[in-house]
Amino acid sequence: MDSWAGHEVPRLPGQGGPLMLFDSARRGMAASAPTGTGTMYVCGITPYDATHLGHAATMITFDLIQRVWRDAGRDVTYVQNVTDIDDPLLERAARDGEDWKVLAMRETALFREDMAALRIIPPEHYVGAVESIPDIAERVLTLVKEGAGYRLEDGTGDVYFDIAAAPRFGYESHLSREQMLEIFPERGGDPDRAGKRDPLDPLLWRGARADEPSWPGGELGPGRPGWHIECAVIALDLLGTQIDVQGGGNDLIFPHHECSAAHAELLTGQAPFAGHYVHAGMIGLDGEKMSKSRGNLVFVSRLRADQVDPMAVRLALMSGHYRSDRSWSDELLATAQERLGRWRRAAALPGGPSAEAFLATLRARLADDLDTPGALALADSWAEAALVGAGDDPAAPALFTRALDALLGVRL
């Protein structure tokens, strides 16, 4: 699957330092590896409602990680998937009376356009679940043969993962069994499915149904993969047995990331699957949760159609810390638009305060768990000083502009 078009990221003088990131499994901060190629897997969209602001905020978070790593001199191998076959996609297509493949292709294309507009550095590998099915089926069969997967005896051909085979299950989310049982059905699980060994066992392979698409599964029989095993296999195939960052929204902590890590660790015999499990907060609207069921999603494409500068959208989403659940509002966007205008006016001046100190402190703020509120405040201070005539360094506006582009992804 093709990714979106990239853009040139400016080179900056000097080099940034190691990135400290909050890890959900540790429940605390830890440094990401300072040398070597940074490996990152981010769970992408299920393409039936792209691109809402929750998607955008999540992708900006992991774009910032890429930028900080690259500024520190690290190469980056970034993989993002598209869950282009799943129950919600089929349900939306059936509701709207259209072909599920057409729906998936249209929404994926729209997502790519929005990512390019937001200046998200594209992943090196942008991979659909459908194109990965042969590899996924092979890995599911491995789990079955090793006793970590089992077939239901009801003739459906469904295969489940036995969480009893994963003694570390729960280490990433830190949820009690009671909490897991409460969340599981809300996020695609089926705890009441008859024949399962444990209510929390996740689906590995769904046997073919007469009214659903299916693919050859070899010894598994025809069907399609479960959600969690898709991401585990794609990451293992392209990034190796252990990765630096597995990322997504905080609604993926359980069951998705917990299960995909368990699958990967059983397949490789190595743990933990990720050095950091990094999760972005949810975006609400005017103080309420933003969700498909409430019908209050705000879409990047709609804002773009209304002539909203994508850089203002990016700034608005970075004005709160990435791990916090936060709200979108007209006021938030207006503040971002005013900020963007001030920065552009300051950058257009013939001179300004030295930007070398600004660059150093900007790097420090982002290296501290992506402190974007602090980073934006630093840029505000430099711009305000420039606008009142403080400093006459003719090179400063250009360095200010390049730093914002390279590190924050904001083009003035």
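For clarity, every value in this text was computed on a predicted model and none was experimentally measured.

Some details on the nonpolar core
Consideration 1: With 69 residues, the main nonpolar core has Trp328, Trp343 and Leu408 as its most contacted residues.
Consideration 2: With ten residues, the top contributor of residues to this core is helix H1 (residues 53-71).

Quick look at the pattern of salt bridges
Consideration 1: With the rule as written, the count across this model stands at 29 salt bridges.
Consideration 2: Between Arg197 and Asp162 there is a salt bridge, with the nearest N and O atoms lying 3.0 Å from each other. Taken together, the residues span a long stretch of sequence, with Arg197 in the loop between helix H5 (177-183) and strand S8 (203-207) and Asp162 in the loop between strand S7 (159-161) and H5 at a distance of 35 residues.
Consideration 3: For Arg197, a relative accessible area of 52% translates into the label exposed.
Consideration 4: Glu265 serves as the salt-bridge partner of Arg168, at 3.9 Å between the closest nitrogen and oxygen. Linking Arg168 in the loop between S7 and H5 with Glu265 in helix H7 (residues 253-268), this pair joins segments that are 97 residues apart in sequence.
Consideration 5: Owing to a relative accessible area of 39%, Arg168 belongs among the partly exposed residues under this scheme.
Consideration 6: One network of salt bridges, in which partners are shared, links Asp87, Arg206, Glu212 and Arg224.

Regarding unusual backbone geometry
Note: most peptide bonds trans; most residues except glycine with negative phi.
Consideration 1: With an omega of -15°, the peptide bond running from Ala50 to Thr51 counts as cis.
Consideration 2: Residue position: Thr51 is located in the loop between strand S3 (38-42) and H1.
Consideration 3: Note that the residue after Ala271, namely Pro272, is joined by a cis bond; omega there is 0°.
Consideration 4: Relative to the assigned elements, Pro272 resides in the loop between H7 and strand S11 (274-280).
Consideration 5: One non-glycine residue, Gln307, lies in the positive phi region at around 70°.
Consideration 6: With respect to the secondary-structure elements, Gln307 resides in the loop between helix H8 (300-305) and helix H9 (310-318).
Consideration 7: Using a relative accessible area of 70% as the deciding quantity, one classes Gln307 as exposed.

A word on the packing of helix H10 (residues 330-347) against helix H12 (residues 372-387)
Helix packing for two helices is described by the angle between their axes and how far apart those axes are.
Consideration 1: The N-to-C vectors of H10 and H12 enclose an angle of 50°; their axes lie 9 Å apart at closest approach. Classified by the angle between their axes, H10 and H12 sit oblique to one another. For H10 against H12, the interelement crossing comes out left-handed. Of the residues in H12, those touching H10 at Arg339, Arg342, Trp343, Arg345 and Ala346 are Leu376, Ala379, Asp380, Trp382, Ala383, Glu384, Ala386 and Leu387.
Consideration 2: The residue inventory of the contact of H10 with H12, partitioned by class, reads eight nonpolar, no polar and five charged.

Observations concerning the environment of Leu12
Consideration 1: Inspection of the secondary structure puts Leu12 in the segment before strand S1 (20-23).
Consideration 2: For Leu12, a relative accessible area of 14% gives the class buried.
Consideration 3: As for Leu12 and Leu359, which are separated by 347 residues in sequence, their C-alpha atoms are 8.9 Å apart.
Consideration 4: Leu12 has contacts with Asp71, Leu359, Arg363, Leu399, Arg402, Ala403, Ala406 and Leu407, leaving out every residue within four places of it along the chain.

Some details on empty space enclosed by the protein
Consideration 1: According to the stated counting rule, one finds two cavities of 30 Å³ or more in the structure shown.
Consideration 2: Within this model, the largest cavity holds a volume of roughly 60 Å³.
Consideration 3: Around the largest cavity sit Ala57, Ile60, Thr61, Leu64, Leu317, Met318, Gly320, His321, Tyr322, Arg326, Leu370 and Thr372, which together line it.
Consideration 4: Among the secondary structure elements, those contributing two or more residues to the lining of the largest cavity are H1 and H9.
Consideration 5: The leading source of residues in the lining of the largest cavity is H1, at four residues.
Consideration 6: When the residues that make up the lining of the largest cavity are grouped by side-chain class, the tally is seven nonpolar, four polar and one charged.
Consideration 7: Its boundaries defined by the atoms lining it, the second largest cavity holds a volume of some 40 Å³.
Consideration 8: If you trace the second largest cavity, you find it lined by Gly16, Gly17, Val68, Asp71, Arg363, Leu366, Ala367 and Leu407.

Cut-offs and rules
Residues numbered from 1 in each chain as written. Predicted model: local features only at pLDDT ≥ 70, side-chain atom pairs only at ≥ 80, totals over all residues. Heavy atoms only, no water. Core = buried A, V, L, I, M, F, W, Y, C linked by side-chain atoms within 4.5 Å. Buried < 20%, exposed > 50% of the residue type's maximum accessible area, 1.4 Å probe, protein only. Helix = DSSP H or I, 4+ residues; strand = E, 2+ residues; numbered from the N terminus. Salt bridge = Lys/Arg side-chain N within 4 Å of Asp/Glu carboxyl O. Axes fitted to C-alpha atoms, helices over the stretch in contact; angles between N-to-C directions. Parallel < 35°, antiparallel > 145°, perpendicular 65-115°, else oblique. Left-handed = near helix turned anticlockwise from the far one by under 90°. Contact = heavy atoms within 4.5 Å. Nonpolar A, V, L, I, M, F, W, Y, C, P; charged D, E, K, R; others polar. 1 Å grid on protein atoms, 1.4 Å probe; cavity = no way out; pocket = protein on both sides within 12 Å on 5 of 7 lines; lining within 4 Å. Points joined across faces, edges and corners; volume = space filled by probe spheres on them.

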